[in-house]
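# Inside the fold
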Amino acid sequence: MSFRVDLSSAAESAQMGTVEPQERIRQLAALSNSVEVDGNIPIKRYYRSGLEMVRMAAVYLAEGNVESAYILYMKFITLFVEKIKGHPEFKAVPADLKQQNVKKLKEVFPVAEKLKERLLEKFRREYQQFLEAKRKAEREREEKRLREERERAKAGTIVAPTPAKIPEPSAPPSSMLVDSGMLDRVLYPNDFPSDPSRSAAGLLLPDAKPAFDRTLKPSPTSVLAAGTLRSVTVPTNTMAKFLQLAARNTAANVETCGILAGKLAQNKLVITHVIVPKQKGTADSCTTMCEEDIFNYQDQQN
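Throughout this document, residue positions are counted from 1 along each chain, in the order its sequence is written. Since the coordinates come from a predicted model, pLDDT governs what is reported: local features require at least 70, and pairs of side-chain atoms require 80 or more to be given and counted, while whole-chain, interface and lining totals use all residues. Values shown for side chains rest on all heavy atoms present in the structure; no hydrogens or waters enter the calculation.

## Some words on the pattern of salt bridges
Where charged atoms from two side chains of opposite charge approach closely, those side chains can pair. In the sections that follow, a salt bridge refers to a side-chain nitrogen of Lys or Arg positioned within 4 Å of a carboxyl oxygen of Asp or Glu. On inspection of all chains with the given rule, the structure shows 9 salt bridges. Taking the shortest distance from any N to any O, the salt bridge between E126 and R24 comes out at 2.6 Å. Here the residue E126 occupies a position in helix 5 (residues 95-155), and R24 occupies one in helix 2 (residues 21-32), the gap between them amounting to 102 residues. Note on accessibility: E126 and R24 belong to one class, buried. Several salt bridges share partner residues, and in doing so they unite R24, E67, K122 and E126 into one network. Only DSSP runs of H or I reaching four residues or more are called helices, and only runs of E reaching two or more are called strands; each is numbered from the N terminus. Exposure categories follow from relative accessible area, calculated using a 1.4 Å probe and restricted to protein chains: below 20% of the type maximum is buried, above 50% is exposed, and the middle band is partly exposed.

## Quick look at the environment of A252
Positionally, A252 belongs in the loop between helix 7 (247-251) and strand 5 (259-265). On the basis of relative accessible area, A252 is assigned to the partly exposed category, the value being 39%. With 31 residues separating them in the primary sequence, A252 and A283 have C-alpha atoms 8.5 Å apart.

## Observations regarding the nonpolar core
If you look at the biggest cluster of nonpolar residues, it comprises 33 residues, and the most contacted ones within it are L28, Y73, F76, F80 and L119. Top element by residues in this core is helix 4 (residues 66-83). It accounts for 10 residues. Whether two residues touch is decided by their heavy atoms; if any such pair falls within 4.5 Å, the residues are in contact. Filtering out sequence-adjacent residues up to four positions away, Y73 remains in contact with V54, A57, A58, V108, V111, A112 and L115. Put simply, a nonpolar core is a bunch of buried Ala, Val, Leu, Ile, Met, Phe, Trp, Tyr and Cys residues held in one set by side-chain atoms that sit within 4.5 Å of each other.

## With respect to the pairing of strand 5
By this definition, two strands are paired if DSSP reports at least two bridges between them. Across 7 bridges, strand 5 lies against strand 6 (residues 268-281) in antiparallel orientation. Opposite A265, over in strand 6, you have K268 as the bridge partner. Here strand 5 hands over to strand 6 after 2 residues, with Q266 in that stretch at a positive phi of 50°.

## Comments concerning the confidence of the model for the protein chain
The quantity known as pLDDT measures the predictor's confidence residue by residue, on a range of 0 to 100. Per-residue pLDDT for the protein chain has a mean of 76; in total, 70% of the residues score no lower than 70. Long-range and interchain partners of residues 1-17, a stretch whose pLDDT sits below 50, account for 53 contacts in this model, where long-range means more than four residues apart. Under a pLDDT of 50 for its full length, residues 174-227 has, in the predicted model, 143 contacts with residues more than four places off or in other chains.

## Brief notes about the UniProt feature "coiled-coil region" (unreviewed entry) in the protein chain
Sites flagged by UniProt as "coiled-coil region" (unreviewed entry) map to residues 120-156. Between the first and last C-alpha atoms of residues 120-156 the distance is 54 Å; the span itself is 97% helix and 0% strand. UniProt positions are given in the numbering used here, feature names are shortened, and annotations may be inferred rather than shown by experiment.

Structure (structure tokens):
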């Protein structure tokens with residue numbers, strides 16, 4: 001299951017000409033409404049995905065990416081105020097899960113409202129800058145036309161003046177280019193149809209810190225560039241530890257699966273854990289078991 005955001009139309013609109021602040025907010029709201037609920041996906045996954053959306057929004061906000069944070073918060077609100085009720089399993093959702101969701105909604109509403117105010121103020125400044133640049137360009141064009149007329153008059157030229165064409169200033173910079181396939185994608189383990197023959201369980205916590213140079217200052221980006229992938233930082237000893245843990249299964253010709261887990265920081269995925277869940281494997285397949293335990297462990301670490 002994934003939640004996609006398509007900002008291409010909004011970005012094109014902002015680049016075509018003047019976009020008033022309220023219109024830009026409406027564009028963001030329209031993007032936030034692009035949430036669809038698939039009745040074939042277990043409803044608990046939507047509730048878990050909602051928590052991931054809020055966590056990722058908090059990361060974006062901490063890094064100064066206000067627009068992406070606002071979009072995710074609004075998508076969370078749209079999903080659990082409007083769309084989730086259309087899921088066929090909605091009435092069967094446990095009461096405690098609904099209560100937790102309502103509590104989270106009460107936390108998100110004021111945050112989203114404050115972000116909207118911040119964005120409006122930012123858009124107003126950019127809009128005023130655009131208008132000032134446009135007026136300046138018009139003044140310069142008129143001054144150039146008058147200057148050319150005076151020069152022709154002095155030279156006795158009677159040729160009709162040709163107005164100089166000065167490029168229009170660009171529209172307010174739009175920081176809404178977000179990777180439509182990555183902003184809020186939440187992926188889940190696939191179910192492999194197999195005849196299980198062996199199981200394994202365990203948890204691998206790499207001792208080494210992620211192998212990246214802390215002296216290099218990351219270049220902050222307000223948004224993800226469209227069509228790009230995030231960098232992934234993996235500790236150097238991760239593979240060796242995983243192979244050591246899977247050695248018994250490997251010797252018995254049984255597949256072992258592990259789940260990379262970590263955090264999002266400065267638009268990079270930093271791997272901090274490898275989770276080896278309860279599973280059943282064969283020579284060419286591996287199926288995880290008790291997926292709720294995996295999710296619960298991840299929640300405890302966040």
